[in-house]
Amino acid sequence: MEPVSIPDKLPILTINNEVLLPGAPMKLEVGSNSNQSLMKDVLTKGLKIIGVIPFKDEFDAIKKDDVGTVALLVRISSFNYPEDTIIVMTLGLCRFIVKKVLSSTPYFLAKVELHKDVYVLENLKDIMLPVIDRIGLLPLQYLHHFKDVMDNFPASYIIDVCIHAINASFEEKLKVLKALDLRERIAIGVPLIMNFFGNENELKSRLSPERSLPSIPGVSVIKFKNFPFSQGKGMQRPYLGDSDLEELEQRLEKSNLPEHLIKIVNKDLEKLKRLSQFSPDNSVLRNYLEFVADLPWSVSSKETLDVKAAKVQLDIDHYGMEKLKKRIIEFLAVRQLKTNVKGVILCFIGPPGVGKTSIGRSIAHILNRKFQRISLGGVSNQSDIRGHRRTYIGAMPGRILHAIKTAGTNNPVILLDEIDKLGSGGYNGDPKAALLEVLDPEQNMHFTDHYLNLPFDLSNVTFIATANTARTIPAPLYDRLEVINVDGYTSVEKYHIAVKYLLPKQLDLHGLGPDMLQLTDDGIYKIINEYTKEAGVRSLERQLAAVCRSIAVKVAEASEDTLPYIIDAEHIENILGMAPYYGEEILTTPSHPGVALGLAWNGRGGTLLVVEAKRVPKSKGHKAKLILTGLLGSVMKESAQIAFNWVRSAAYQYGIVKEGNDLLEKSDIHIHFPEGAINKEGPSAGVTIATALISLFTGIPVTSGLAMTGELTLQGLVLPVGGIKEKLMAAHRAGIKRVIIPFKCTKTLADIPSCVLDDLKIITVKTMDDVIETAFEGLTSVSNHNLLSSKL
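What this report covers is the structure whose coordinates are included nearby. (Residues numbered from 1 in each chain as written. Predicted model: local features only at pLDDT ≥ 70, side-chain atom pairs only at ≥ 80, totals over all residues. Heavy atoms only, no water.)

**Observations regarding the overall build of the chain**
For the chain, the count of helices and strands is 26 helices and 24 strands. When the 792 residues of the chain are sorted by exposure, 50% land in the buried category. Summarising the internal contacts of the chain: among those between residues at least 6 apart in sequence, 74% fall at separations of at least 24. For the chain, the accessible area works out to roughly 38600 Å², and carbon and sulfur atoms hold 51% of it. (Helix = DSSP H or I, 4+ residues; strand = E, 2+ residues; numbered from the N terminus. Buried < 20%, exposed > 50% of the residue type's maximum accessible area, 1.4 Å probe, protein only. Contact = heavy atoms within 4.5 Å. Areas by Shrake-Rupley, 256 points an atom, 1.4 Å probe, with all protein chains shown as cover.)

**Brief notes about the environment of threonine 774**
Locating threonine 774 in the fold gives a position in helix H26 (residues 768-775). A relative accessible area of 17% places threonine 774 in the buried class. In contact with threonine 774, other than residues within four places in its own chain, are Thr703, Leu706, Arg738, Ile740 and Ile763. A polar contact is formed between the side chain of threonine 774 and the backbone oxygen of aspartate 770, at a distance of 3.1 Å. (Polar contact = N/O pair within 3.5 Å; in protein donor to acceptor, adjacent residues only side chain to side chain.)

**Concerning the packing of aromatic side chains**
Going through the model one piece at a time under the given rule, you end up with four aromatic pairs. Between phenylalanine 291 and tyrosine 451 the ring centres are 5.7 Å apart and the planes differ by 80°, which places this aromatic pair in the edge-to-face class. In this pair, phenylalanine 291 is assigned in helix H10 (residues 280-294) and tyrosine 451 in the loop between strand S10 (447-448) and strand S11 (455-456), connecting sequence segments 160 residues apart. Summarising the burial analysis for this pair, phenylalanine 291 and tyrosine 451 share the class buried. (Phe/Tyr/Trp six-rings, centres within 6.5 Å; stacked < 30°, edge-to-face > 60°.)

**Side note on the nonpolar core**
With 50 residues, the main nonpolar core has Phe348 and Ile527 as its most contacted residues. No other element matches the seven residues that helix H20 (residues 538-557) contributes to this core. With residues near it in sequence (within four places) discarded, isoleucine 527 still touches Leu519, Thr532, Leu540, Gln543, Leu544, Val547, Ile572 and Leu576. Core analysis: the second largest hydrophobic core is formed by 49 residues, Leu257, Tyr288, Phe291 and Tyr451 among them. (Core = buried A, V, L, I, M, F, W, Y, C linked by side-chain atoms within 4.5 Å.)

**With respect to the packing of H20 against helix H21 (residues 569-576)**
Put simply, H20 and H21 touch, their axes get as near as 10 Å, and they point 85° apart. As judged from the angle between their axes, H20 and H21 are roughly perpendicular. Across the interface between the two elements, Gln543, Ala546, Val547, Ser550 and Ile551 from H20 touch Ile572, Ile575 and Leu576 from H21. Across the contact of H20 with H21, the residue classes tally to six nonpolar, two polar and no charged. (Axes fitted to C-alpha atoms, helices over the stretch in contact; angles between N-to-C directions. Parallel < 35°, antiparallel > 145°, perpendicular 65-115°, else oblique. Nonpolar A, V, L, I, M, F, W, Y, C, P; charged D, E, K, R; others polar.)

**Quick notes on the environment of valine 739**
Mapped onto the fold, valine 739 is located in strand S23 (residues 738-742). Judged by relative accessible area, which is 0%, valine 739 ranks as buried. In the structure, valine 739 is positioned 32 residues away from alanine 707 in sequence and 4.9 Å away in space, judged by C-alpha atoms.

**Considering unusual backbone geometry**
The omega angle of the peptide bond from threonine 105 to proline 106 is -5°, so this bond is cis rather than trans. A positive phi angle, close to 60°, is found at asparagine 17, a residue other than glycine. Note that asparagine 17 resides in the loop between strand S1 (9-16) and strand S2 (25-30). Of note, the phi angle at methionine 321 is positive, near 55°, even though the residue is not glycine.

**Quick word on the pattern of salt bridges**
Scanning all chains against the criterion turns up 24 salt bridges. In this structure, aspartate 41 and lysine 45 form a salt bridge, with 3.4 Å as the shortest nitrogen-oxygen distance. Of the two residues, aspartate 41 and lysine 45 are both situated in helix H1 (residues 33-45); the distance of four residues between them amounts to about one turn of the helix. In this structure, aspartate 65 and lysine 64 form a salt bridge, with 3.5 Å as the shortest nitrogen-oxygen distance. You can call aspartate 65 partly exposed: its relative accessible area is 46%. If you follow the salt bridges from partner to partner, you end up with Glu249, Glu270 and Lys273 in one network. (Salt bridge = Lys/Arg side-chain N within 4 Å of Asp/Glu carboxyl O.)

**Topic: helix H15 (residues 399-407)**
Residues of H15 that are buried include every one of Ile400, Leu401, Ala403, Ile404 and Ala407, and no others. With its buried residues spanning 155° around the axis, H15 presents them on a single face. Phi turns positive one or two residues past the end of H15, at glycine 408, with a value near 80°. (Arc of directions from axis to C-beta.)

**What to know about the pairing of strand S17 (residues 605-617)**
Sheet analysis places strand S16 (residues 595-602) next to S17, joined by eight bridges and oriented antiparallel. Each residue of the ladder has a partner; that of alanine 596, found in S17, is valine 611. Sheet analysis places S17 next to strand S19 (residues 667-672), joined by six bridges and oriented antiparallel. Bridge pairing in S19 links lysine 614 to histidine 670. (Pairing = 2+ DSSP bridges.)

**Observations concerning the layout of surface pockets**
Of the voids in this model, the largest pocket is the one considered here, and its volume is about 1200 Å³. Forming the walls of the largest pocket are 49 residues, and the residues nearest its centre are Trp601, Asn602, Arg604, Gly605 and Thr607. Counting only elements with at least two residues in the lining of the largest pocket, the list comes to helix H18 (491-509), helix H19 (521-530), H20, S16, S17 and helix H24 (724-733). Of the residues assigned to the lining of the largest pocket, the class counts are 16 nonpolar, 18 polar and 15 charged. (1 Å grid on protein atoms, 1.4 Å probe; cavity = no way out; pocket = protein on both sides within 12 Å on 5 of 7 lines; lining within 4 Å. Points joined across faces, edges and corners; volume = space filled by probe spheres on them.)

**A closer look at the packing of helix H23 (residues 686-698) against H26**
Direction vectors running N to C along H23 and H26 enclose 55°, while the axes themselves pass 11 Å from each other. Considered as vectors, H23 and H26 are oriented oblique to each other. The two elements H23 and H26 meet at a crossing, and its hand is right-handed. The segment H23 lies against H26, with Val687, Ala690, Thr691 and Ile694 engaging Met768, Val771, Ile772 and Ala775. The residue makeup of the contact of H23 with H26, split by class, is seven nonpolar, one polar and no charged. (Left-handed = near helix turned anticlockwise from the far one by under 90°.)

**Topic: the sheet that holds strand S9 (residues 413-417)**
Strand order in the open sheet formed by five strands is S8-S9-S12-S7-S13, with parallel pairing between adjacent strands. The outermost strands of the open sheet, each flanked by one partner alone, are strand S8 (371-375) and strand S13 (482-485). Between one strand axis and the next, the sheet turns by 20° as a mean value, whatever way the strands run. As defined by bridge partners, strand S7 (residues 346-349) adjoins strand S12 (residues 462-467) across four bridges and the pair is classed as parallel. Each bridged residue has a counterpart across the sheet, and for cysteine 347 the counterpart in S12 is alanine 465.

Honestly, it's all geometry; don't read function into it.
What follows is the structure, encoded as structure tokens:
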């Protein structure tokens, strides 16, 4: 680069209560009008060199023989923060003496003379560096800069930099700045430095002002044509001490790296040994090599497998979930017979709170492997999976290798939690695509993290994924997974889980015991049926915790004579307040015309879906229309349109209108789905919407205690839908007695718990005519176009 010249005429920046010393960096806040005018010229004229003169408290006019510091303007980093302030980063270069003030407006301009030290110390640098290294008290933020300056500036600057680093007072710094004679500067500065570092007799005895400093060969990065000192590059020293380097080298040797990687890593290690202590690559390369040394390249957990013991352990850890347990036992049995089984990625899909994560932890326990959980919810950057390249500031490895490092073995069980909630990526790459390599058994034996940039074998890792729904998992990723549906719990199953697991856990957490609190069976069932509405048991556990907290207060205040507290169904409402889901019983009673009850299924499990239909007077001069509300998805809107058009086509058939008339002649039709804040999507509400419309137009309420699900076609056929088990369990929880399902879903009833089927009457249908015959007593279609009267 072109050398920068220091002119003999300098614009002057005045500062108060701060002193810029040669070799020292300083951030200056420019607030006065004259200084701001100077900064504007700096920006417009591209000035790089200015003079800085300090004053005590108030700014004063500069005068002849004032001593200041030539400053290199490194960066103007901020404007108008705080108000009317400019932040300037500067580096002190050398002293100057004002010879003549040339002007004072709009800012000070002076003719200056650059100062050159006549007396220098030959061994000042060699004395001070070991002392500072040994004492170790120099603030960390100055240590690298201090050694950098000593390699690029004259050794006489060591006093200035040390005074700056020890945060001396303004008066002390000003004395050092004005000490133009180096011997005087040493006499002032050394006692301050010694006082900061402690009494160093060796330092004092080795100082010899009579010696001169020989010239140092080499050229610094920034060159100045008329800089008053010889400049050079001193001997580079490694950032790490010898013992640290030896320790790191030993760790790398013990990590048992694969043969083809040893040469690559050793090359980086040799590069680290040669790096200067102040090189920005020093810490980056050291962190990288430490990460390489920490990875368990050849450390594995010894797997133990006993299928019989596994069955017992699963039954101890989890109640119910028989289908899931059966598949896990099959998985473990195959591993027991063939230890190197690869390619099986289990994915548990089910509503929250049913035990998907805890099942993964149980598998790790049974296999005697380390367990790591990676939450993928909201991850939208592929670097979270594959890591950042080391060229980026703050680069770090991806979550996969970080989990393996934390586990300390190369064959842990890693649970990829909430895989269905991965972000879509965008500019930062798609994390779903990044997972393809991780989960593909043909590729993951050479998985390359961007940060590590070396292949790492993931084939020994057992991956397990969890999700609430398969709908948002991309097809290529879904294809690598073996999906196991984890269904919600019935009321009976929730009761056993509460008694066996949840209540003992909460009693222990709240310092209670069976001798202090006893919850009766009817009390537990009241909580299950009236205070929770979920497929899992998280809300149930929270309600049990609320009961324990309430009783803990009474136990703390009462005497032992009143123990234990027996809580039954009558006490629950006093503790938990009014039951939030008690009102669902209304849905099982006769409803108004135009209302039908459907069954829906989402990532949280099965739920009831109310459909309301109403005639609305149409606006004058406008055609009648169909209005849909309730936060509906596109498929749901299409289902509503299909259902409405089917009803229009069948209106005469069911005696709703006379032949040739239309339902939209005189009024709009409004269909609403309550709980408008909840997104609703899918085709399975088709028969429910059509039933609600038939009820509206005939004036006949739907039979009480009836819920339904099924997709409707324009021909009136009822097609199969998913989530039948979750929907039937939701109907059972709500007290529904009769449910209509598509005929082709009959086979799915084999997976329904018998306690649910015993309480429900399941009606299978093939067409919408079958639905209407069940939903409305006495309403039949017209044969040969002869109108039959309805119950109206």
